[in-house]
Amino acid sequence: MIFKQLTKLTPAEALLILDTSKCSFKSLLKSTLMDLFLKKVLKVIRVKKTSTSGKSRILAYIVVGENFYSYTPLPHEMIFLHSFKKRNNIRIQFRHVIKSAIEQSGGFKSYKRFFIMRTTTLRASLKDGFFVKMFNLIILNENGKVLQRNLKLEVSYLEKELAQLLNSNEKKATELVHRVNGHIFILNSIDIGIFLSLIHI
């Protein structure tokens, strides 16, 4: 199957179309960051640190990936990339990147309204108007309803195909994951831990 809609949208855009006001802040942030890892815009490195007492621990840092310089990010992705745009040779501890992204997003409502919903696809798929803005509503227009139906079909097929491949062909499962990138993190019926082991994040 050709995932026409999934490959055209970011995971955060797809989540808003699929779940409208029901998707969580955590799911939007997680799927966006993981998508950037899979697209090799960012990558995780692990560094062993030893304290003065001799105890060692492994810390996760984020650094720029091989596609960082050629990738054109959307506003809702920039909250994870902002610090690296200033100094692209730094490494930042994983938890600090998350904290900074949350601060820059302005919170859940702000992130949806002023970052994700400003993309071209979402503007063409959502109703606009005084009451929509006043009550911070997410209401699909006719284009959005068609897009939602197509996305549901693609997600349903993806879930079934991945479940089958995980039991029969791990190589093809990995290839399929890389075709849809961070959209695997919007699936409900798949164990995400399995995918993390496949893609080595």
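Refer to the structure above for everything that follows.
From a predicted model like this one, the values you see are computed outputs, not experimental measurements.

Observations regarding unusual backbone geometry
When glycine is set aside, most residues are seen to have a negative phi, and most peptide bonds are trans.
Here is step 1 of the chain: Phi is positive for Lys 40, close to 60 degrees, though the residue is something other than glycine.
Here is step 2 of the chain: Given a relative accessible area of 41%, Lys 40 falls into the partly exposed group.
Here is step 3 of the chain: Of note in this structure, Asn 181 is not a glycine but carries a positive phi near 50 degrees.
Here is step 4 of the chain: Tracing the backbone through its elements, the reader meets Asn 181 in the loop between helix H10 (170-180) and helix H11 (192-199).

Section: the pattern of salt bridges
Here is step 1 of the chain: Applying the stated rule across the entire model yields two salt bridges.
Here is step 2 of the chain: Salt-bridge contacts for Lys 39 lead to Asp 35; the nearest nitrogen and oxygen are separated by 2.8 Å.
Here is step 3 of the chain: Overall, the relative accessible area of 22% leaves Lys 39 in the partly exposed class.

A closer look at the packing of aromatic side chains
Here is step 1 of the chain: Tallied over the full model, the rule gives seven aromatic pairs.
Here is step 2 of the chain: Ring geometry for Phe 37 versus Phe 94: centroids 6.2 Å apart, planes at 45 degrees, classification tilted. Separated by 57 residues along the polypeptide, Phe 37 in helix H3 (residues 25-38) and Phe 94 in helix H5 (residues 94-105) bring together distant segments of the chain.
Here is step 3 of the chain: Members of the aromatic cluster, connected to one another through ring pairs, are Phe 25, Phe 108, Tyr 111 and Phe 115.
Here is step 4 of the chain: Lys 85 extends its terminal NZ or CZ atom over the ring of Phe 68, reaching a point 4.9 Å from the ring centre.
Here is step 5 of the chain: Here the guanidinium or amino end of Lys 112 rests over the ring plane of Phe 108, the centre of that ring lying 4.3 Å away.

The rules behind the values
- Residues numbered from 1 in each chain as written.
- Predicted model: local features only at pLDDT ≥ 70, side-chain atom pairs only at ≥ 80, totals over all residues.
- Heavy atoms only, no water.
- Buried < 20%, exposed > 50% of the residue type's maximum accessible area, 1.4 Å probe, protein only.
- Helix = DSSP H or I, 4+ residues; strand = E, 2+ residues; numbered from the N terminus.
- Salt bridge = Lys/Arg side-chain N within 4 Å of Asp/Glu carboxyl O.
- Phe/Tyr/Trp six-rings, centres within 6.5 Å; stacked < 30°, edge-to-face > 60°.
- Lys NZ or Arg CZ within 6 Å of the ring centre and 35° of its normal.

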